[in-house]
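Tertiary structure, described
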Amino acid sequence: MELQTILLQQQSEGGGWSGMLMIVAMIIIFYFFMIRPQSKKQKEIKKAREAMQKGSKIVTAGGIFGTIKSINTENNTIMMEVAPGVTIKVSREQVFPAEAEAPKDKKVEKEEK
């Protein structure tokens, strides 16, 4: 019983405002560290997808590298050449510029030399 009366007294003395202030502060911190950077990244990806042209090197979300042969804006697809004479049709939403997504692995570079 004593603990309940102490907690009730704290809330009636203004403890509610400090709790509310903490919640607002957490929401602001969450926005600046999580939501804002993610929306900036999405805008950059969208801009890069719009800048893609025939002949651009791209990589799919599944990791397939290739070159754009044609872009169909009606159904939002890309015809992509993955090997000489081999083309595949992929969704434009699933491709990224190859320069931005290509991993830079030093071990592989050393083995090739």
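Just so it is clear, the structure is predicted and the values come from calculations on it, not from any experiment.

**A short note on the overall build of the chain**
Secondary structure summary: the chain contains three helices and five strands in total. Listing each helix as α and each strand as β along the chain from the N terminus yields α-β-β-β-β-β-α-α. When each of the 113 residues of the chain is scored for burial, the buried share is 14%. In the chain, of all internal contacts separated by at least 6 residues, the share reaching a separation of at least 24 is 34%. Counting only carbon and sulfur atoms, one obtains 60% of the accessible surface of the chain, whose full area is about 9,600 Å².

**Comments concerning the side chain of Thr-60**
Relative to the elements of secondary structure, Thr-60 occurs in strand β1 (residues 57-60). Look at Thr-60 and you get buried, because its relative accessible area is 10%. If we ignore the near neighbours within four places in the chain, the residues touching Thr-60 are Met-80, Val-90, Gln-94 and Val-95.

**Points about the nonpolar core**
Among soluble globular proteins, nonpolar side chains are generally buried collectively. If you look at the biggest cluster of nonpolar residues, it comprises seven residues: Met-52, Ile-58, Ile-68, Ile-78, Met-80, Val-90 and Val-95. Excluding its chain neighbours within four sequence positions, the residues that come into contact with Val-95 are Arg-49, Met-52, Ile-58, Val-59, Thr-60, Ile-78 and Val-90.

**Section: the sheet that holds strand β3 (residues 77-83)**
Taking strand neighbours across the sheet as the criterion, the five strands line up as β4-β3-β2-β1-β5 in an open arrangement whose pairing is antiparallel. Looking along the sheet, the strands with just one partner apiece sit at the ends: β4 (86-91) and β5 (95-97). The mean inter-strand angle of the sheet, taken between neighbouring strand axes irrespective of direction, is 45°. In this structure, β3 lies alongside β4, joined through six bridges in antiparallel fashion. Counterpart to Glu-81 in the pairing with β4 is Thr-87.

**Quick look at the side chain of Arg-92**
The topology assignment puts Arg-92 in the loop between β4 and β5. Glu-93 provides the closest opposite charge to the buried, salt-bridge-free Arg-92, at an N-O distance of 6.5 Å.

**As for the pairing of β1**
In the sheet, β1 pairs with strand β2 (residues 65-72) via three bridges, with the strands oriented antiparallel. The residue of β2 that forms the bridge with Lys-57 is Thr-67. Following β1, the chain reverses through four residues before pairing antiparallel with β2; Gly-63 in that reversal takes a positive phi of roughly 100°. As judged from the three bridges shared by β1 and β5, these two strands associate in the antiparallel manner. Directly across from Ile-58, in β5, lies its bridge partner Pro-97.

**A few points about the environment of Glu-99**
Of note, Glu-99 is situated in helix α2 (residues 98-101). You can call Glu-99 exposed: its relative accessible area is 60%. Along the primary structure Glu-99 and Val-59 are separated by 40 residues, whereas in three dimensions their C-alpha atoms are 8.8 Å apart.

The rules behind these values
- Residues numbered from 1 in each chain as written.
- Predicted model: local features only at pLDDT ≥ 70, side-chain atom pairs only at ≥ 80, totals over all residues.
- Heavy atoms only, no water.
- Helix = DSSP H or I, 4+ residues; strand = E, 2+ residues; numbered from the N terminus.
- Buried < 20%, exposed > 50% of the residue type's maximum accessible area, 1.4 Å probe, protein only.
- Contact = heavy atoms within 4.5 Å.
- Areas by Shrake-Rupley, 256 points an atom, 1.4 Å probe, with all protein chains shown as cover.
- Core = buried A, V, L, I, M, F, W, Y, C linked by side-chain atoms within 4.5 Å.
- Pairing = 2+ DSSP bridges.
- Axes fitted to C-alpha atoms, helices over the stretch in contact; angles between N-to-C directions.
- Lys, Arg positive; Asp, Glu negative; His and termini not counted.
- Salt bridge = Lys/Arg side-chain N within 4 Å of Asp/Glu carboxyl O.

The analysis is restricted to geometry; functional conclusions fall outside its scope.
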